[in-house]
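So the chains spell out like this:
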Amino acid sequence: MKRLPVLALLLGLCSVYFAGIYLFVGGFLLVRLEVNRTSGCGDVLQPGGEPRDFCRVRPRFSRAVLLIIDALKIDFARFDPSIVRPRAHENKLPVLEETAAARPAHCRLYPFRADPPTTTMQRIKGFTTGSLPTFVDVGNNFASTAILEDNLIHQLGTVGKRVVFMGDDTWESLFPKKFHRSLPFPSFNVKDLHTVDNGILQHLYTTMIGGDWDVLVAHFLGVDHCGHRFGPDHPAMADKLTQMDGVIRSVIDRLQNDTLLVVMGDHGMTDSGDHGGESQKETDAALFLYSPAPLFPGPPSQNEPDVVPQTDLVPTLALLLGIPIPYSSVGQVLLPLFPPHGQGAVGSLSQLEALWINAKQVNRFLETYSGMAKDIPPESLSRLKEDFSRLSSEYLATVREGRPPSPELAASLQAYLTSVRDTCRATWARFNPLKMAAGLVILALACLMCFILSELSSVLIRDNGRGLKAPVVVALAVGFGVSVAQVFTQGYIEVAWCLAAAALSSELVFFWTAYRSRTAAVSKNGSKPLTSASWLTLRNLLIPSLLVPLLRCASLLSDSYVIAEGRVVTFLLFSLALYIPIHLNWDGLLLPPSHDPLKSAGLVPSPALSPSAVRKESSVLLACSGLLVGSLYLSLSFHGCREEQGSCQPSPFLSPLARLQDSQLKNLHYVLSVFSLGLWTYLLRRCLRHYGNLNSSGGTVFTARWILPLLSVCMGLHWAVGATPEDSFRNLGELISLAQLSLPRAAFCLLGLGLLLIWLDPLTVFIKTRTAASARNSSLPPPSYRASTGISPQAELHHLIPQIYQRMRRSLDDGGGGEQSAGSEVDNRPAVEAYGLGTVYSAPLLLFCGLLGIGLLLLHPEGMSLSFLLLLLEMGALLHIHASSTTLGGLHGTDPGGFNVPWAPIVMWALAASQFFHATGHLPTFPSIQWGAAFVGFPDGHTGTLLPASLVTLNTFASHILFAVGCPLLLFWPLVCEVRGSRGGGGGGGGGGRGRACGDEDEDAVMEMRLRENPQQFSAALLQLATRYLFIQGAQVFASVCAAAILRRHLMVWKVFAPKLMFEASGFLVSSVSLLIGVTLVLRVDVAVGRWFKKIIPDASR
């Protein structure tokens, strides 16, 4: 088998795809340009009079306390006395409403609206800089880097105010060495509800009593972590909110008149306790403002804002504390906190003065940014400049003349500030059209390259992969040339354009090489063209199995399709499952052919299969189709819900057992989960035993016999321990904590050991030779084997590879040629029996996938074991449908011949990967990411970000990994399930398979050994299968890229199309790597089989 060309071609193809994705994403998801300038005390001056230092004016408040309660949504803060039986999160913070009712001039409670993405790091950036985050910032939520833009913390430190921080350690990474004193606590462990909050409470009150502070920031995490772990409707949430109620009361009692209290949430949470998206439940937090001194003119009026954007907090706090507004802020001051014109105390800013300072600062930022970035539309920019010029003239005239300002002036300034923010929000999807276009072209050519490679795989393999050398050499040369040119022209290297030039040149050279290879192959065959020469005809491209993925790709331009994709993909897979038997029946292949007297007379050749064999294959096909349809229907019970789906209810199996409060329901879920896990393990072992693969003593068999069940036991115990409430066994608390740490880590170790053993020793073949005596003594009955030997009767009767080759039999037989022949003829038993040789390739790959599936299940909620069981059943059903349709398709010569896998099963395999992405509770949205996977085996958190990011990636793309690794099974399964005599056997149509189990050698089903007899066809078929699978996955990525590019100004681009692009691109990267792992494992098995044959037959040439 030509292993190196197969791997080299696949690696080159994947590299081109990766380059195209990298280029497009680099042009589509650019971070906005940061203006690294800072405001100063002399920059923003009030008009009229002598210039003065803004910071030396006595501020309204000299101190401030910021209590940030992470994920404090507005619903948590409201109090409704009419609710008789409040839920766990309702009416647990009465202090806010009580204080607002008792002292209306001292406090307000507002909905506090965040800009998406609603993740903690972006929210901290938003309410400290006043700027708007960009979409790509969401990836930095757990890899926070220092904020370089001007911000409140920097301005407070510049004027000498002492900022003391305690709580979420994200602040320490965003503002390194900016605090007078800081007490950070680890924030990443979402299962820890108390460490951060209790750490704050140990220092909060003592710090407030002391005088060593001007601004105190305390960031509590318990409410957010409780939502992630249990959801909002759990008793733990009630306890945590009650604790926060007590904290707020205690802080209010300790405030002085010159101190402002700000209680706020950085974002909200969904009904499942997650956040990150832009639904109203995620964006609407709470903002509570209080001071012992009167803060507002009176009770709430009609002019009070309904919602306060988070960016508005920045200019408001800056002016109240007497510091300049940060340079890049686009927020708007909260007017009710400033007195109307002429009614405030001496030295305090009025509403109009605050608005003017705010507008002047925003206009200065707009002028600076537009001069640097050039991305704000010119018409919008000129309109905003005209508006500010008009308002500036009107305001300065009012000040000079000393007349009271008109009410319309304040409204016009507010409208101007709102227009600037809306313009920036619309503009800061800052694209690079050139990079996007280059990425689109490279991806389009990569898809075409993949399709050509799949159709010309046999030609390229026959050339021993020589056609790949020219594209690689040209790519390296062009990439190096572009980098050198960049160094001489601009002084630095831009990697993106080097990759673009290399990828594009390699694609063009490949097309030229492929054309020459095809032409040369045609010339060698004479005037007769190759069968693959007609693959570009419209008739071959518009077959139903290819129309389905093309239709799906076109549908990615619709936001409605993306929202409902989980159910649509299920329907498409269901449709293809029905198409296969209908198509076979249309061609007359599903039922046995009718009796023909010419065939009985021997005038017409008999069919390859007997009528009974046809009926059996048809029954298997229909039964597996029914199993597939049933699995698809049941898998719909495990889907999650998007915000846009309205009344949709997420699957109860998505909730971890620890969240369930009903003990009976919890026990039922646990029993179902353990049963599904046990059935998964049993089916894997049963399949391997059925085909005689559990008889040897190699590493793979050891994994199947011992590691697989031990891994299942570890997982079952881990689920039981994880579902145990923390306060159930107080005396065993340490033991439970140890088990929560050790059991999943033990499972990880077993998983790694099992996968390593399969890789190092993949063979599952057991050789049994007959002694000369037994060969000569024909009167002895056939030997019977005890169960302890592990050789099942079914494996012996149906899946024995007798008389592997004549050379092997002659080499190993102790007797002479004549005696051997006589002995064989007398007792009709082979001299050499090799158990498991017929499934030598598929058995280790199947076990590898099964073991990997259990490991991926460990990263999911316990209820997902039912979904994973359906995944296994669906994979088995697809494999048997493909095998039976291949067998039936060969009845009248409709089978294409060789080992090529047609498009239909590959398309169904790829659709199943996408379908089970949704059936494991995932969605192409950031709130649906199951962050809890990062803490499986690491309940105390991580020191870095690589390991947790890897665990979350494995959790999110588990279905992509399993189907990509198992993709080569589509090549092997028709051979595994072949009917004796169906592939060129010499017998007629009579006789059963069992009667010929050890009979004529031509009738033996040698199964996967056919691949070793045709190594070149084996290599070509494996390459074709892999490239066809990559083509389908790559076409989905290309369609997502086109949708994002075409609809980049669409209303739903950042809510629907951009997340879909990110998930499709990430899924393709994971699928490509997983496919390479699966193919490499097959090649590793082939190496082991070659060595095994050389060991058995020293002079073997294979």
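Residues numbered from 1 in each chain as written. Predicted model: local features only at pLDDT ≥ 70, side-chain atom pairs only at ≥ 80, totals over all residues. Heavy atoms only, no water.

Digging into the overall build of the protein chain
Then comes step 1: When its secondary structure is counted, the protein chain shows 40 helices and 11 strands.
Then comes step 2: Within the protein chain, buried positions represent 56% of all 1102 residues.
Then comes step 3: Look at the contacts in the protein chain between residues 6 or more apart in sequence, and 81% of them connect residues 24 or more apart.
Then comes step 4: Summing over all exposed atoms, the protein chain offers an accessible surface of approximately 44,600 Å²; the carbon and sulfur share of this is 60%. (Helix = DSSP H or I, 4+ residues; strand = E, 2+ residues; numbered from the N terminus. Buried < 20%, exposed > 50% of the residue type's maximum accessible area, 1.4 Å probe, protein only. Contact = heavy atoms within 4.5 Å. Areas by Shrake-Rupley, 256 points an atom, 1.4 Å probe, with all protein chains shown as cover.)

Here's the deal with the sheet that holds strand β5 (residues 215-220)
Then comes step 1: Sheet architecture is open: eight strands sit in the order β4-β3-β5-β1-β6-β7-β2-β8, paired in mixed fashion. Each end of this open sheet is capped by a strand with a single partner; those strands are β4 (181-185) and β8 (308-309).
Then comes step 2: As paired elements, strand β1 (residues 63-69) and β5 share six bridges and run parallel to each other. Looking across to β5, one finds that Ile 68 is bridged to His 219.
Then comes step 3: Lying on the sheet, helix α9 (residues 235-253) is in contact with β1, β5, β6 (259-264) and β7 (284-290); it crosses β1 at an angle near 175°. (Pairing = 2+ DSSP bridges. Axes fitted to C-alpha atoms, helices over the stretch in contact; angles between N-to-C directions.)

Considering the state of the cysteines
Then comes step 1: Taken as a whole and judged by the stated rule, the model has one disulfide.
Then comes step 2: Two residues, Cys 641 and Cys 648, share a disulfide whose sulfurs are 1.9 Å apart. For the disulfide bridge between Cys 641 and Cys 648, the dihedral angle about the S-S bond is near -65°, and by the sign convention the bridge is left-handed.
Then comes step 3: Taking the relative accessible area as the measure of exposure, Cys 641 reaches 23% and is therefore partly exposed.
Then comes step 4: According to the relative accessible area criterion, Cys 648 is partly exposed, its value standing at 29%.
Then comes step 5: Note on Cys 977: no disulfide assigned, nearest cysteine sulfur contributed by Cys 687 at a separation of 8.5 Å. (Disulfide = S-S within 2.5 Å.)

Focus: the side chain of Asp 266
Then comes step 1: Here Asp 266 shows up in the loop between β6 and α10 (280-283).
Then comes step 2: No salt bridge forms around the buried Asp 266; measuring N to O, its nearest opposite-charge neighbour Arg 123 is 7.3 Å away.
Then comes step 3: Within the local environment of Asp 266, its side chain forms a polar contact with the side chain of His 267, the two groups lying 3.4 Å apart.
Then comes step 4: Beyond its immediate stretch of four places on either side in the chain, Asp 266 contacts Ile 69, Asp 70, Ala 71, Ala 114, Thr 120, Arg 123, Phe 127, His 219, Ala 285 and Gln 310. (Lys, Arg positive; Asp, Glu negative; His and termini not counted. Salt bridge = Lys/Arg side-chain N within 4 Å of Asp/Glu carboxyl O. Polar contact = N/O pair within 3.5 Å; in protein donor to acceptor, adjacent residues only side chain to side chain.)

So, helix α32 (residues 842-857)
Then comes step 1: With 16 residues, α32 should reach 22 Å at 1.5 Å per residue; the first-to-last C-alpha distance of 22 Å fits that figure.
Then comes step 2: The element α32 is extensively covered by neighbouring structure, given that 16 of its 16 residues are classed as buried. (Expected span 1.5 Å × (residues − 1).)

Looking at the nonpolar core
Then comes step 1: Phe 28, Tyr 841, Trp 909, Phe 963, Leu 971 and Tyr 1029 are the most contacted members of the largest nonpolar core, which has 193 residues in total.
Then comes step 2: The element contributing the most residues to this core is helix α40 (residues 1053-1096), with 20 residues.
Then comes step 3: Excluding anything up to four places from it in sequence, Tyr 1029 contacts Ile 906, Trp 909, Ala 910, Ala 913, Phe 963, Ala 964, Cys 967 and Leu 1075.
Then comes step 4: Core analysis: the next-biggest nonpolar cluster, separate from the first, contains 73 residues, Ile 68, Leu 132, Leu 334 and Leu 335 among them. (Core = buried A, V, L, I, M, F, W, Y, C linked by side-chain atoms within 4.5 Å.)

Quick notes on the packing of helix α20 (residues 544-555) against helix α22 (residues 565-586)
Then comes step 1: Here α20 crosses α22 at 175°, and the two axes come no closer than 11 Å. Taken as axis vectors, α20 and α22 run roughly antiparallel relative to one another. Within the contact between the two elements, α20 uses Pro 544, Ser 545, Val 548 and Arg 552 and α22 uses Glu 565, Val 569, Leu 572, Leu 576 and Tyr 579.
Then comes step 2: When the residues that make up the contact of α20 with α22 are grouped by side-chain class, the tally is six nonpolar, one polar and two charged. (Parallel < 35°, antiparallel > 145°, perpendicular 65-115°, else oblique. Nonpolar A, V, L, I, M, F, W, Y, C, P; charged D, E, K, R; others polar.)

Considering the packing of aromatic side chains
Then comes step 1: For the structure on display, the rule yields 29 aromatic pairs.
Then comes step 2: Each ring, one from Phe 388 and one from Tyr 416, has its centre 5.6 Å from the other, and the planes form 40°; the classification is tilted. On the criterion of sequence distance, the pair formed by Phe 388 in helix α13 (residues 378-401) and Tyr 416 in helix α14 (residues 407-427) is long-range, its members being 28 residues apart.
Then comes step 3: Ring pairing ties together the aromatic residues Phe 127, Phe 165, Trp 171, Phe 175 and Phe 179, which thus form one cluster.
Then comes step 4: One Lys or Arg, Arg 108, reaches over the ring of Phe 296 and ends 4.1 Å from the middle of that ring. (Phe/Tyr/Trp six-rings, centres within 6.5 Å; stacked < 30°, edge-to-face > 60°. Lys NZ or Arg CZ within 6 Å of the ring centre and 35° of its normal.)

What about the pattern of salt bridges?
Then comes step 1: Applying the stated criterion across every chain, the model contains 20 salt bridges.
Then comes step 2: Across the pair Asp 75 and Lys 73 runs a salt bridge, and its minimum N-O distance is 3.9 Å.
Then comes step 3: Note that Asp 245 is salt-bridged to Arg 249, the shortest N-O span being 2.8 Å. One end of the pair, Asp 245, and the other, Arg 249, are both in helix α9, four residues apart, so they sit about a helical turn from each other.
Then comes step 4: In this structure Arg 249 comes out as partly exposed when scored by relative accessible area, which is 31%.
Then comes step 5: Through salt bridges with shared partners, a single ionic network connects Arg 552, Glu 565, Lys 1060 and Glu 1064.

Topic: the pairing of strand β3 (residues 163-168)
Look at any regular strand and the pattern is simple: side chains alternate between the two faces of the sheet.
Then comes step 1: Of all six residues in β3, six are buried, a share of seventy percent or more.
Then comes step 2: Bridging between β3 and β5 involves five bridges; their strand directions are parallel. Paired with Val 163 across the bridge in β5 is Val 215.
Then comes step 3: Relative to β4, β3 runs parallel, the two being bridged by five bridges. In the strand pairing of β4, Gly 167 is matched with Pro 184.

Some points on the environment of Ala 71
Then comes step 1: Residue position: Ala 71 is located in the loop between β1 and α2 (74-77).
Then comes step 2: In the structure, Ala 71 is positioned 156 residues away from Gly 227 in sequence and 8.2 Å away in space, judged by C-alpha atoms.

Here we look at the environment of Phe 917
Then comes step 1: Counting through the fold element by element, Phe 917 comes out in helix α34 (residues 903-919).
Then comes step 2: Exposure remark for Phe 917: the relative accessible area of 5% places this residue in the buried category.
Then comes step 3: For the pair Phe 917 and Gly 1067, spaced 150 residues apart in the sequence, the C-alpha separation amounts to 9.8 Å.
Then comes step 4: Contacts of Phe 917, omitting those with residues within four sequence positions, involve His 922, Leu 923, Pro 924, Thr 956, Phe 957, Ser 959, His 960 and Phe 1063.

Brief notes about a nonpolar patch on the surface
Then comes step 1: Residues Tyr 22, Val 487, Phe 488, Ile 493, Val 495 and Leu 499 make up a contiguous nonpolar surface patch of roughly 600 Å² in combined accessible area.
Then comes step 2: Mapping Leu 499 onto the fold places it in helix α18 (residues 495-524). (Patch = residues over 30% accessible without salt bridge, like charges linked within 9 Å, V, L, I, M, F, W, Y side chains within 5 Å.)

Considerations on the environment of Leu 349
Then comes step 1: Tracing the backbone through its elements, the reader meets Leu 349 in the loop between α11 (313-321) and α12 (351-373).
Then comes step 2: Distance in space between the C-alpha atoms of Leu 349 and Gly 322 is 10.0 Å, their sequence separation being 27 residues.

Brief notes about the confidence of the model for the protein chain
Then comes step 1: Model confidence for the protein chain is summarised by a mean pLDDT of 81, while 81% of its residues fall at 70 or above.
Then comes step 2: For the protein chain, the element scoring lowest by mean pLDDT is helix α31 (residues 817-827), at 37; helix α36 (residues 958-965) scores highest, at 96.
Then comes step 3: Every residue in residues 137-144 is under pLDDT 50, and counting partners more than four places away or in other chains gives 19 contacts.
Then comes step 4: Predicted confidence for residues 980-1004 stays below pLDDT 50, and this span has 45 contacts to residues more than four positions away or in other chains. (pLDDT = per-residue confidence, 0-100.)

Regarding helix α8 (residues 222-230)
Then comes step 1: For α8, a buried count of nine out of nine residues is recorded, marking the element as mostly surrounded by other parts of the structure.
Then comes step 2: Inspection of α8 places Gly 222, Val 223, Asp 224, His 225, Cys 226, Gly 227, His 228, Arg 229 and Phe 230 among the buried residues, and these make up the whole buried set.
Then comes step 3: Looking at the buried positions of α8, the neighbouring elements they touch are β1, α2, α7 (195-209), β5 and α9.
Then comes step 4: Looking one or two residues past α8, Gly 231 carries a phi angle of roughly 90°, positive in sign.

Things to note about the side chain of Thr 283
Then comes step 1: Looking at where Thr 283 falls in the secondary structure, it is placed in helix α10.
Then comes step 2: A residue is classified by how much of its surface remains accessible, and Thr 283, at 6% relative accessible area, is buried.
Then comes step 3: If we skip the residues at most four places from it in the chain, Thr 283 touches Phe 112, Arg 113, Ala 114, Thr 118, Gly 277 and Glu 278.

Looking at unusual backbone geometry
Then comes step 1: In the Ramachandran plot, Asn 91 falls in the positive-phi region, its phi being about 60° despite a non-glycine side chain.
Then comes step 2: Relative to the assigned elements, Asn 91 resides in the loop between α2 and α3 (94-102).
Then comes step 3: By relative accessible area, Asn 91 is classed as buried at 14%.
Then comes step 4: Phi at Lys 177 is positive, roughly 60°, even though this residue is not glycine.
Then comes step 5: Structurally, Lys 177 is set in the loop between α6 (170-174) and β4.
Then comes step 6: What makes Lys 177 exposed here is its relative accessible area of 83%.

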